[in-house]
Amino acid sequence: MIDDIRDDAKERMDRTLEFLESTFARIRTGRAHPGILNGITVSYYGNDTPINQVASVIVEDARTLLITPWEKFMTGVIEKAILKSDLGLNPATASENIRLPMPPLTEENRRELTRVARSEAEHARVAIRNIRRDANNDLKEFLKEKEITEDDERRGHELVQKLTDVQIRQVDAMLKAKESDLMEI
């Protein structure tokens, strides 16, 4: 029973880390990375579809993405979607291909993106702590219903706290890596 609560908390915390990782991928650095387009969708036969499902997105060089739509008519649609996004990127269309150059970041942009990354990391920490709170409440509820002993409850709290500490350290490590990536010239 305690293991079930811990496993559920671990699964939810792992999903929080995955979400943080995908959020960090959308925060652009000076280098080209296909993950930067993950949040952008285009209308494809009436459905909102991610760009990577209607075109191939490859890294042409360190600062340029090459987007090749699978259907010719999608070139303009993809270009408009990138322009409407809040990424601040200007696509250059050449026949069927779209080149997406990554402009170098200014010092001010780097600091702002670092603040955004810190904010996202703090949201992840809060989510992990909320998961810990939920797990601890479940343990208290089981104790109240006399399904576990006080020793089991205390052991469960310790297990959940250790899990929380590990997950928070992972968030901190991910944040440190993203900050160094952003501040790198």
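Residues numbered from 1 in each chain as written. Predicted model: local features only at pLDDT ≥ 70, side-chain atom pairs only at ≥ 80, totals over all residues. Heavy atoms only, no water.

Draft legend 1. Summary view of the side chain of T49. Note on placement: T49 falls in strand β2 (residues 47-50). A distance of 3.2 Å separates a polar side-chain atom of T49 from the backbone oxygen of N47. Not counting chain neighbours up to four residues away, the residues in contact with T49 comprise I40, T41, V42, Y44 and V54. (Helix = DSSP H or I, 4+ residues; strand = E, 2+ residues; numbered from the N terminus. Polar contact = N/O pair within 3.5 Å; in protein donor to acceptor, adjacent residues only side chain to side chain. Contact = heavy atoms within 4.5 Å.)

Draft legend 2. Fine view of a negative patch on the surface. The grouping of D4, D8, D138, E141, E145 and E147 at the surface amounts to a negative patch. Those elements giving two or more residues to the negative patch turn out to be α1 (2-26) and α3 (107-144). Within the secondary structure, E141 sits in helix α3. (Patch = residues over 30% accessible without salt bridge, like charges linked within 9 Å, V, L, I, M, F, W, Y side chains within 5 Å. Areas by Shrake-Rupley, 256 points an atom, 1.4 Å probe, with all protein chains shown as cover. Salt bridge = Lys/Arg side-chain N within 4 Å of Asp/Glu carboxyl O. Lys, Arg positive; Asp, Glu negative; His and termini not counted. Charge placed at Lys NZ, Arg CZ, Asp CG, Glu CD.)

Draft legend 3. The arrangement of the pattern of salt bridges in detail. This model, assessed by the stated rule, comprises 15 salt bridges. In this structure, R115 engages E112 in a salt bridge whose closest nitrogen and oxygen atoms are separated by 2.8 Å. Separated by three residues within a single helix, R115 and E112 lie in helix α3, roughly one turn from each other. E112 sits in the partly exposed class, given a relative accessible area of 38%. Measuring nitrogen to oxygen at the nearest pair gives 2.8 Å for the salt bridge that ties R125 to D172. With R125 in helix α3 and D172 in helix α4 (residues 150-183), the pair connects residues that are 47 residues apart, well separated along the chain. Residue classification places R125 among the buried positions, given a relative accessible area of 13%. A residue is classified by how much of its surface remains accessible, and D172, at 33% relative accessible area, is partly exposed. One network of salt bridges, with partners in common, ties together E122, R125, R129 and D172. (Buried < 20%, exposed > 50% of the residue type's maximum accessible area, 1.4 Å probe, protein only.)

Draft legend 4. Here's a closer look at the packing of aromatic side chains. According to the stated counting rule, one finds two aromatic pairs in the structure shown. Consider the rings of Y44 and Y45, whose centres lie 4.8 Å apart with planes at 70°: the pair is edge-to-face. Judged by relative accessible area, which is 22%, Y44 ranks as partly exposed. Taking the centre distance of 5.9 Å and the plane angle of 70° together, the rings of Y45 and F73 count as edge-to-face. A residue pair is termed long-range when its members are at least 10 positions apart, and Y45 in the loop between β1 (41-44) and β2 and F73 in the loop between β4 (64-69) and α2 (74-84) qualify at 28 residues. By relative accessible area, Y45 is classed as exposed at 60%. On the basis of relative accessibility, which here comes to 45%, the residue F73 falls in the partly exposed class. Through pairs of rings, three or more aromatic residues link up here, namely Y44, Y45 and F73. (Phe/Tyr/Trp six-rings, centres within 6.5 Å; stacked < 30°, edge-to-face > 60°.)

Scope: geometric values only; no functional claims are made or implied.
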